[in-house]
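# Architecture and fold: a report
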Amino acid sequence: MRGENGLQSVMSEIPNNVLLVEEFSKFTDGFSIGSNDLTQLAIGVNRDSELFAAKIEKRDPGVMKIV
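This report concerns the structure included in the present document.

Cut-off values and rules
- Residues numbered from 1 in each chain as written.
- Predicted model: local features only at pLDDT ≥ 70, side-chain atom pairs only at ≥ 80, totals over all residues.
- Heavy atoms only, no water.
- Helix = DSSP H or I, 4+ residues; strand = E, 2+ residues; numbered from the N terminus.
- Contact = heavy atoms within 4.5 Å.
- Salt bridge = Lys/Arg side-chain N within 4 Å of Asp/Glu carboxyl O.
- Buried < 20%, exposed > 50% of the residue type's maximum accessible area, 1.4 Å probe, protein only.

## Digging into the environment of Ser9
The topology assignment puts Ser9 in strand E1 (residues 9-12). Residues Ser9 and Thr28, spaced 19 residues apart in sequence, show a C-alpha to C-alpha distance of 5.7 Å. Non-local contacts of Ser9, meaning those with residues more than four positions away in its chain, are made with Thr28, Gly30, Phe31 and Ser32.

Encoded structure:
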């Protein structure tokens, strides 16, 4: 929600927040990007997985476009 005596921000950690940024911006003064969760959800890989964690590219073109 918008802050009465200062800025209020929303943590944006899911792709839906990015896709609907115009709608979410009606209720907040700004956004903080949760890049770890956003990356994980955008590329569909568990960042804690022993099989995939080392292969996750945080500069994936899709992730960079979302950010």
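## A look at the pattern of salt bridges
Summed over all chains, the structure comprises 1 salt bridge. A salt bridge links Lys26 to Glu23, with the nearest nitrogen and oxygen atoms 3.3 Å apart. A relative accessible area of 42% means that Glu23 is categorised as partly exposed.

## A word on the environment of Leu19
Here Leu19 lies in helix H1 (residues 15-19). Leu19 sits in the exposed class, given a relative accessible area of 70%. Sequence separation between Leu19 and Ile66 is 47 residues; the distance between their C-alpha atoms is 8.5 Å.

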